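# Structural description and commentary
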Amino acid sequence: MTDPDEVPHDVRASLTQLLAAARTAAERGDVDTARATLDTAETVATNKLPAGERRDRIRWGCAAARDALPNGDLAAAYASATADAVGE
């Protein structure tokens, strides 16, 4: 039996990769890439994670990181914290 809040391996890998790329882009000051990558991560979370607290936290984190742009340091911190929520 699987935990209903379990993140499938492929979804976890995708979100981790997307959020790392968003963090890196934000740190570099590449606002367009950071924004696009965060949009994609939010879409993956919306479409691939079951409804619940984890999905809500990841979606909120993506939105917060996107809203923090063009402040690259703050957006990177939100992206990093959101990546931590994927693994919890």
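Scope of this entry: the structure provided in the associated data block. (Residues numbered from 1 in each chain as written. Predicted model: local features only at pLDDT ≥ 70, side-chain atom pairs only at ≥ 80, totals over all residues. Heavy atoms only, no water.)

This brings us to the packing of aromatic side chains. Per the counting criterion, the structure on display carries one aromatic pair. Pairing Trp-60 with Tyr-78 gives two aromatic rings, centres 5.9 Å apart and planes at 80 degrees, and the pair type is edge-to-face. Highlighted residues: Trp-60 in helix H3 (residues 53–68) and Tyr-78 in helix H4 (residues 72–87), separated in sequence by 18 residues. Judged by its relative accessible area of 56%, Trp-60 falls in the exposed class. Residue classification places Tyr-78 among the partly exposed residues on the basis of a relative accessible area of 29%. (Phe/Tyr/Trp six-rings, centres within 6.5 Å; stacked < 30°, edge-to-face > 60°. Helix = DSSP H or I, 4+ residues; strand = E, 2+ residues; numbered from the N terminus. Buried < 20%, exposed > 50% of the residue type's maximum accessible area, 1.4 Å probe, protein only.)

This paragraph deals with H4. The end-to-end C-alpha distance of H4, which contains 16 residues, comes to 23 Å, matching closely the 22 Å that a straight helix rising 1.5 Å per residue would cover. Looking only at H4, the buried set comprises Gly-72, Ala-75, Ala-76, Ala-79, Thr-82, Ala-85 and Val-86. On the buried face of H4, the contacting elements are helix H1 (9–28) and H3. The residue sitting at the N-terminus of H4 and contributing the capping side-chain oxygen is Asn-71; that oxygen lies 3.3 Å from the backbone nitrogen of Asp-73. (Expected span 1.5 Å × (residues − 1). Contact = heavy atoms within 4.5 Å. Polar contact = N/O pair within 3.5 Å; in protein donor to acceptor, adjacent residues only side chain to side chain.)

For an α-helix the count is 3.6 residues per turn, leaving residues at separations of three or four pointing the same way. The terminal C-alpha atoms of H1 lie 29 Å apart, and with 20 residues this matches the ideal 28 Å at 1.5 Å per residue to within 8%. Where H1 is concerned, the buried positions are Val-11, Leu-15, Leu-18, Leu-19, Ala-22, Ala-25 and Ala-26. Take H1 and look down its axis: the buried residues cluster within an arc of 125 degrees, on one side only. Along H1, the residues that are exposed and aim more than 90 degrees away from the buried face are His-9, Asp-10, Gln-17, Glu-27 and Arg-28. Two residues or fewer past H1, Gly-29 is found with a positive phi of approximately 85 degrees. (Arc of directions from axis to C-beta.)

Everything listed here is a matter of coordinates, which is why it stays silent on function.
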